[in-house]
Amino acid sequence: MTSNLEAQLLALRQQGEQAIAAANTLERLEELRVSYLGKKGELGALLRSMGQLSAEERPIIGAIANTVKESLQTSLDQQRATLEAAQIRSQLEAETLDVTMPGIYRPQGRIHPLNGIIDRALDIFVSMGYTVAQGPEMETDYYNFEALNTPPDHPARDMQDTFYLPDGNLLRTHTSSVQIRYMEREEPPIRVVAPGRVYRRDNVDATHSAVFHQIELLAIDEGLTFTDLKGTIKVFLQTIFGELPIRFRASYFPFTEPSAEVDLQWNGRWLEVMGCGMVDPNVLKAVRYDPEIYTGFAAGFGVERFAMVLHQMDDIRRLYASDLRFLQQF
Ligand code: DAH
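Since this is a predicted model, take the numbers as computed values, not measurements.

## Overview of the overall build of the protein chain
Counting its regular elements, the protein chain contains 11 helices and nine strands. Over its C-alpha trace the protein chain gives a radius of gyration of 45 Å, far above what one expects of a compact globule, namely 20 Å for 330 residues. Taken along its principal axes, the extent of the C-alpha atoms in the protein chain is 135 × 45 × 40 Å. Relative to its full complement of 330 residues, the protein chain shows a buried share of 44%. Across the protein chain, the fraction of contacts at a sequence separation of at least 24, relative to all contacts at a separation of at least 6, is 66%. When the accessible surface of the protein chain is summed, it comes to about 18600 Å², and 51% of that surface belongs to carbon and sulfur atoms.

Here is the structure:
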């Protein structure tokens, strides 16, 4: 009896250890633990048959059973540790990041030089308390010319060769039209800056484009003088271009009186950069502001011109060509 049970116990150990060593998943290992050492497991079944043993035999077999149990438990623990380590290792390998792999190249976007100038100009005027406004690119004759003191037969219309539309409307030739639209819906005091696209029937060449951009400036208040105009323009130009000499040269625009053109000394030459003046009383009357109470100044300039001077460009067409070799320089 003793030797029989002893043999069965030793066989169970051998069989168990082989099965445990062959287990290659943690799930399989758990199954083996249950089937050998679990409550209804094989070792338990053998031990239950110990009841048939004599009192002398029982402690001997009991001791053997204990060593079998311990050694199976040890094997299970070791195999579990081995499998867990392998699992962590393979997970680490699967999740490795190879920092030497080439990255994914995405070209970086940039601000177009025209938008760059517009942004800077608006920032400067906004910092002086101006509001940004916009108006339509398709305009009526009234907003583009007539309300700006430029009646139909006025010779100044020749200064701006206009695209007329079949319905009698036109493509605005300047952003000055926004002055009228803004004054019609607001009351003084006014400080407004209006960027936008404008159109002229010009032949396209290195310095002309049929479509270009302007920024318009308008201030209306009680007691504004030409000094306010000069100070504003000077601060603006010197913020953009640096502390360069500027000069105001008498000029003519229908919507301002007096009018001036502003020149900037750039690389030893005087460059004309903008038009300006004190708002003509007729313009104020067109929007029913009382010229006896209010005065104001206005100015307008071409964004392309600024960009070309600032970035020393030789050809206005580069600004519209979408050539990345050009655009990536900014
Ligand atoms: N509108 C003019 C142009 O396109 C520029 C201009 C001149 C705007 C004088 C003004 C101004 O507001 O006062 O040539």
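## Regarding the site of the ligand
If you check the shell around the ligand, you find 16 residues, and the closest are H174, S176, R200, Q214 and E216. At 2.6 Å from an oxygen atom of the ligand is found a side-chain nitrogen or oxygen belonging to E216. Residue A298 places a main-chain N or O atom 3.2 Å away from an oxygen atom belonging to the ligand. For the shell around the ligand, the secondary-structure elements that each account for two or more residues are β5 (211–221), β8 (269–279) and β9 (295–302). Of the residues contributing to the shell around the ligand, the split by class is five nonpolar, nine polar and two charged.

## Some words on the nonpolar core
Ranked by size, the top nonpolar core spans 43 residues in total, and within it F236, L237, F241 and F306 carry the most contacts. Ranked by residue count, the leading element in this core is helix α5 (residues 113–127), at seven residues. Non-local contacts of F236, meaning those with residues more than four positions away in its chain, are made with A121, I124, F125, M128, F301 and F306.

## Considerations on the sheet that holds strand β6 (residues 246–253)
Spatial ordering of the open sheet is given by β1-β4-β5-β9-β8-β7-β6, a layout of seven strands whose pairing is mixed. Since the sheet does not close on itself, it has two edges, and those belong to β1 (131–132) and β6, each with one partner. In terms of strand pairing, β1 meets strand β4 (residues 190–199) through two bridges, oriented parallel. Within the sheet, the bridge partner assigned to V132 lies in β4 and is V193. Packed on one face of the sheet, α5 meets β1, β4, β5 and β9 and runs near 5° to β5.

## A short note on a negative patch on the surface
A contiguous patch of negative charge on the surface is contributed by D158, D161, D202 and D205. With respect to the helices and strands, D158 occurs in the loop between α6 (141–144) and β3 (170–171).

## Overview of the domain arrangement of the protein chain
In terms of domain boundaries, the protein chain breaks down into domain 1 (2–95) and domain 2 (113–327). Relative to domain 2, the C-alpha centre of domain 1 lies at a distance of 93 Å.

## Let's talk about the pairing of β9
Judged by how many residues are buried, β9 sits mostly within the fold: six of eight residues are covered. As defined by bridge partners, β5 adjoins β9 across eight bridges and the pair is classed as antiparallel. Along β9, the bridge assignment pairs A219 with F297. Note that β8 and β9 share four bridges and pair antiparallel. Bridge pairing in β9 links G275 to G300.

Reading the values: rules and limits
- Residue positions within a chain follow its written sequence, with the count starting from 1.
- Given that this is a predicted model, residues contribute local features only at a pLDDT of at least 70 and side-chain atom pairs are listed and counted only at 80 or more, while totals for whole chains, interfaces and linings are drawn from all residues.
- Processing note: side-chain calculations cover all non-hydrogen atoms of the structure and skip hydrogens and water entirely.
- A run of DSSP states H or I qualifies as a helix once it reaches four residues; a run of E qualifies as a strand once it reaches two. Both are numbered from the N-terminal end.
- Radius of gyration here is computed from C-alpha atoms only, and the compact-globule reference equals 2.2 Å multiplied by the residue count raised to the power 0.38.
- Only protein chains enter the calculation, and the probe is 1.4 Å; a residue is then buried if its accessible area is under 20% of its type maximum, exposed if over 50%, and partly exposed in between.
- In what follows, residue pairs with any heavy atoms lying within 4.5 Å of each other are defined as contacts.
- All accessible-area figures derive from a Shrake-Rupley calculation using a 1.4 Å probe, and residue coverage is judged against the displayed protein chains alone.
- Residues are labelled near a given molecule or strand when at least one of their non-hydrogen atoms is within 4 Å of it.
- N or O atoms within 3.5 Å of each other form a polar contact, as long as, within protein, one can give a hydrogen and the other can take it, and as long as residues adjacent in sequence are counted only when both atoms are side-chain atoms.
- In the scheme used here, Gly and all other residues not listed as nonpolar or charged are polar, with Ala, Val, Leu, Ile, Met, Phe, Trp, Tyr, Cys and Pro taken as nonpolar and Asp, Glu, Lys and Arg as charged.
- Residues grouped as a nonpolar core are buried Ala, Val, Leu, Ile, Met, Phe, Trp, Tyr and Cys residues, joined through side-chain atoms within 4.5 Å.
- Strand pairing is defined by DSSP finding a minimum of two bridges between the two strands.
- Axis definition: a line fit to C-alpha positions, over the contact stretch in the case of helices; interaxial angles, taken between N-to-C directions, run 0 to 180 degrees.
- Residues forming no salt bridge and having over 30% relative accessible area are the ones grouped into patches, like charges within 9 Å of each other and nonpolar side chains (Val, Leu, Ile, Met, Phe, Trp, Tyr) within 5 Å.
- Any Lys or Arg side-chain nitrogen located within 4 Å of an Asp or Glu carboxyl oxygen qualifies as a salt bridge.
- Counting rule for charge: Lys and Arg are taken as positive, Asp and Glu as negative, and neither His nor the chain ends is counted.
- Throughout, a charge is located at the NZ atom of Lys, the CZ atom of Arg, the CG atom of Asp or the CD atom of Glu.
- For the domain bounds, the source is a domain assignment made automatically or taken from a database.

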